[in-house]
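# Analysis of the macromolecular model
Each chain is listed here by its residues.
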Amino acid sequence: MKMADAIKVLAKGAVNADDPIDLLIGEVVSASPLEVRLRENNKLVIPGSLISVADHLKERTVTVEIDGEDKEMRIKSELNTGDKVMIASLIGGQSFFLFARI
């Protein structure tokens, strides 16, 4: 899910909810498959199937222009075990959006 799409989901939900999101700090306990433990509850480990990760926290290939020529560049910014992260718990607490490494 792109960040813009996630923000739209959050905004739509905010209209219909008193407390639309909770911002939480967590730690990546496994990078593959992705699992995040929340600081507030050490026993709760969120599986990757419930987490949407912002594109800038994934390995990806982008096209850049250098001296008038398009070049492919691989950006290796994926999450690693032990990374501290900021995660939003979306309405209902059944899905999460991981948007920052802290």
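None of the values given here were measured: they were computed from a predicted structure.

### Concerning the overall build of the protein
Secondary structure summary: the protein contains one helix and eight strands in total. From first element to last, N terminus to C terminus, the protein shows the α and β order α-β-β-β-β-β-β-β-β. The contacts of the protein with a sequence gap of at least 6 include a subset with a gap of at least 24, amounting to 44%. In the form shown here, the protein has an accessible surface area of approximately 6700 Å², with 51% of it arising from carbon and sulfur atoms.

### Comments concerning the sheet that holds strand β4 (residues 51-53)
On the basis of which strands lie adjacent, the open sheet formed by six strands has the order β3-β2-β1-β7-β8-β4 and mixed pairing. Two strands bound the open sheet, and with one partner strand each, they are β3 (41-47) and β4. With strand direction ignored, the average angle separating the axes of adjacent strands in the sheet is 40 degrees. Across three bridges, β4 lies against strand β8 (residues 96-101) in parallel orientation. Bridging from a neighbouring strand, Ser-52 pairs with Phe-97 of β8.

### Examining the environment of Ala-88
Along the chain, Ala-88 turns up in strand β7 (residues 84-89). What Ala-88 contacts, discounting residues up to four positions off in sequence, is Asp-22, Leu-23, Ser-95, Phe-96, Phe-97 and Phe-99.

### Topic: the pairing of strand β1 (residues 22-31)
By the bridge criterion, six bridges tie β1 to β7 in an arrangement that is antiparallel. Counted as the bridge partner of Leu-24 is Ile-87 from β7. Sheet topology note: the β1/strand β2 (residues 34-38) ladder contains five bridges and is antiparallel. Each residue of the ladder has a partner; that of Gly-26, found in β2, is Leu-38. Connecting β1 to the antiparallel partner β2 that follows it, the hairpin turn spans two residues.

### Observations regarding the packing of aromatic side chains
On inspection of all chains with the given rule, the structure shows one aromatic pair. Where Phe-97 meets Phe-99, the ring centres are 6.2 Å apart and the plane angle is 20 degrees; that geometry is what we call stacked. Since its relative accessible area comes to 4%, Phe-97 is described here as buried. Taking the relative accessible area as the measure of exposure, Phe-99 reaches 25% and is therefore partly exposed.

Reading guide: rules and limits
- Residues numbered from 1 in each chain as written.
- Predicted model: local features only at pLDDT ≥ 70, side-chain atom pairs only at ≥ 80, totals over all residues.
- Heavy atoms only, no water.
- Helix = DSSP H or I, 4+ residues; strand = E, 2+ residues; numbered from the N terminus.
- Contact = heavy atoms within 4.5 Å.
- Areas by Shrake-Rupley, 256 points an atom, 1.4 Å probe, with all protein chains shown as cover.
- Pairing = 2+ DSSP bridges.
- Axes fitted to C-alpha atoms, helices over the stretch in contact; angles between N-to-C directions.
- Phe/Tyr/Trp six-rings, centres within 6.5 Å; stacked < 30°, edge-to-face > 60°.
- Buried < 20%, exposed > 50% of the residue type's maximum accessible area, 1.4 Å probe, protein only.

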